[in-house]
Amino acid sequence: MKVSVVGTGYVGLVTGACLAEMGNDVLCLDVDPNKIRILEEGGIPIHEPGLDSVVARNVKAGRLAFTTDIARAVAHGTLQFIAVGTPPDEDGSADLQYVLAAARNIGRLMTDYKVVVDKSTVPVGTADKVRAAIADELAKRGSDARFAVVSNPEFLKEGAAVDDFMRPDRIVVGADDEQAILLMRALYAPFSRNHDKVLVMDVRSAELTKYAANAMLATRISFMNELALLAEKMGADIEHVRQGIGSDQRIGFHFLYAGCGYGGSCFPKDVKALIKTAGGEGQDLKVLQAVEAANDAQKMVLVNKVVKRFGENLSGKHFAMWGLAFKPNTDDMREATSRVVIHELLQRGATVSAYDPVATEEARRIFGDEPRLSFATTPMAALEGTDALLIVTEWKEFRSPDFDKIKATLKSPVIFDGRNLYEPSLVSAAGLDYQAIGRGVNS
């Protein structure tokens, strides 16, 4: 099938590459010539494990191409995937300007039947706006070309996006056009060979499903984070609590890890957008408001522990930080806890030496030439001359460190662990003060 994908960011590039992997003829469009140049030269503008080989393989096979030519992209695909950004507006609502601009381009240039697929995470009712934008452009030039609008939200985890796309739990298709439904079923048939994973529903239900899924996951995280703070005060261990409740099949173990707050491009933005959408309907989503407030507070937990140990004035103190990305296996620092922690430490007069396997360049872009922030090339190099270690991202290479070496390097033998990577008794046996999240009274 011929497929055009508008946007070569995280969602668009993974979608285009994986659809090409299944034999489709895919053309990816982006208005950023720098992104297209990188892709045409064999590079990848985002960090996503396994994506580079999928892209390279399908470009070589002639199934995947890239362009900045809007007319070429509209002419190419019967299926037109819109996978552009929907950043939060000032009021927390999703900014649809890029989605609607893509829709208008399709309406302005299409000459035959198109299925326009909303792949971006968009509020309920966006398909109606996309449909109206396309119809308006067709009317301007007196065209009677037929089209359908479909909602097909993505459920990809950064760091595991290729595997998630190739082996989906479910494929949600919101549509009311029979021809569009048949085309979407055909497109996704290779991903559903074991059993049918396509869930066809009305468009608005599909749009709400995406927000509901992310809001539920964010709720589980904030719930466990609040329980962790309570566990600290009561002398309980949140890890034991997690195992105790996770073994209940009605609850399960997913997204029950306490930590120093969630971040990224999805959860914070989608929770805000759902709250805003509900407000527009006159409904107050009290649970999600609490989820958001709890997460904002959780990002300060490590800072509060540092202040409790070293005092409010951190002038002359130098801290090591392991992890900058909002989660492992990505260089994405959008809404990352590391940004809050670094800002708060610098505000109090401290300096920071940070290490992350892949996000250093992104951090340089965000913080610019901040003289009080330096970057190390190895985890142990980040510890040199520092007063304490803060762990913010749970990269695998942090899981089995040499605690004796850490103690010998730090001026103060203390680890502030925002991801509960270690068994407290193991760290304490090495003579280190282990300040984790909800791991008992010493946390």
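What counts, and where the lines are drawn
Residues numbered from 1 in each chain as written. Predicted model: local features only at pLDDT ≥ 70, side-chain atom pairs only at ≥ 80, totals over all residues. Heavy atoms only, no water. 1 Å grid on protein atoms, 1.4 Å probe; cavity = no way out; pocket = protein on both sides within 12 Å on 5 of 7 lines; lining within 4 Å. Points joined across faces, edges and corners; volume = space filled by probe spheres on them. Helix = DSSP H or I, 4+ residues; strand = E, 2+ residues; numbered from the N terminus. Nonpolar A, V, L, I, M, F, W, Y, C, P; charged D, E, K, R; others polar. Buried < 20%, exposed > 50% of the residue type's maximum accessible area, 1.4 Å probe, protein only. Contact = heavy atoms within 4.5 Å. Pairing = 2+ DSSP bridges. Axes fitted to C-alpha atoms, helices over the stretch in contact; angles between N-to-C directions. Phe/Tyr/Trp six-rings, centres within 6.5 Å; stacked < 30°, edge-to-face > 60°. Lys NZ or Arg CZ within 6 Å of the ring centre and 35° of its normal. Left-handed = near helix turned anticlockwise from the far one by under 90°.

(A) Highlighting empty space enclosed by the protein. Following the criterion strictly, the structure yields one cavity of 30 Å³ or more and no others. Looking at the largest cavity, its volume works out to about 50 Å³. Taken together, Asp118, Ser120, Thr121, Val122, Ser151, Pro153, Ala206, Glu207 and Lys210 form the lining of the largest cavity. Per-element accounting of the lining of the largest cavity gives the leading share, three residues, to helix α9 (residues 203-234). When the residues that make up the lining of the largest cavity are grouped by side-chain class, the tally is three nonpolar, three polar and three charged.

(B) Main features of the side chain of Lys210. For Lys210, the location among the structural elements is in helix α9. For Lys210, a relative accessible area of 3% gives the class buried. The contacts of Lys210, once residues within four sequence positions are left out, are Thr121, Pro153, Glu154, Phe155 and Asp270.

(C) Spotlight on the sheet that holds strand β12 (residues 388-391). Pairing in this open sheet of six strands is parallel, and the strands run β11-β10-β9-β12-β13-β14 from one edge to the other. Strand pairing shows two members of the sheet lacking a second neighbour, β11 (373-375) and β14 (433-435), which therefore form its edges. Ignoring strand direction, the axes of neighbouring strands in this sheet form an average angle of 20°. In this structure, strand β9 (residues 318-322) lies alongside β12, joined through four bridges in parallel fashion. Opposite Trp322, over in β12, you have Ile391 as the bridge partner. Against the sheet, helix α13 (residues 301-310) makes contact with β9, β12, β13 (414-417) and β14, and its axis sits at roughly 160° relative to β13, the strand it touches most. Packed onto the sheet, helix α14 (residues 337-347) meets β9, β10 (351-355), β11 and β12 and runs at close to 175° relative to β9.

(D) How the structure looks around the packing of aromatic side chains. All chains considered together, the criterion is met by eleven aromatic pairs. Both rings, one in Phe310 and one in Phe319, keep their centres 5.5 Å apart while their planes meet at 75°; by these two values the pair is edge-to-face. Residue class for Phe319 comes out buried when judged on its relative accessible area of 0%. Pairing Tyr355 with Phe398 gives two aromatic rings, centres 6.1 Å apart and planes at 65°, and the pair type is edge-to-face. In this pair, Tyr355 is assigned in strand β10 and Phe398 in the loop between β12 and α17 (403-409), connecting sequence segments 43 residues apart. Judged by relative accessible area, which is 8%, Tyr355 ranks as buried. We classify Phe398 as buried; its relative accessible area is 0%. Taken together, the aromatic side chains of Phe165, Tyr188 and Phe191 make up a single cluster linked through ring pairs. When the ring centre of Phe310 is taken as reference, the NZ or CZ atom of Arg309 above it lies at 5.8 Å.

(E) Broad picture of the packing of helix α11 (residues 267-280) against helix α12 (residues 286-298). Where α11 contacts α12, the two axes come as close as 10 Å, and the packing angle between them is 145°. In the packing of α11 onto α12, the handedness of the crossing is left-handed. On α12, the residues that touch Val271, Lys272, Leu274 and Ile275 of α11 are Leu288, Gln289 and Glu292. Classifying every residue of the contact of α11 with α12 gives four nonpolar, one polar and two charged.

Nothing here speaks to function; it is geometry throughout.
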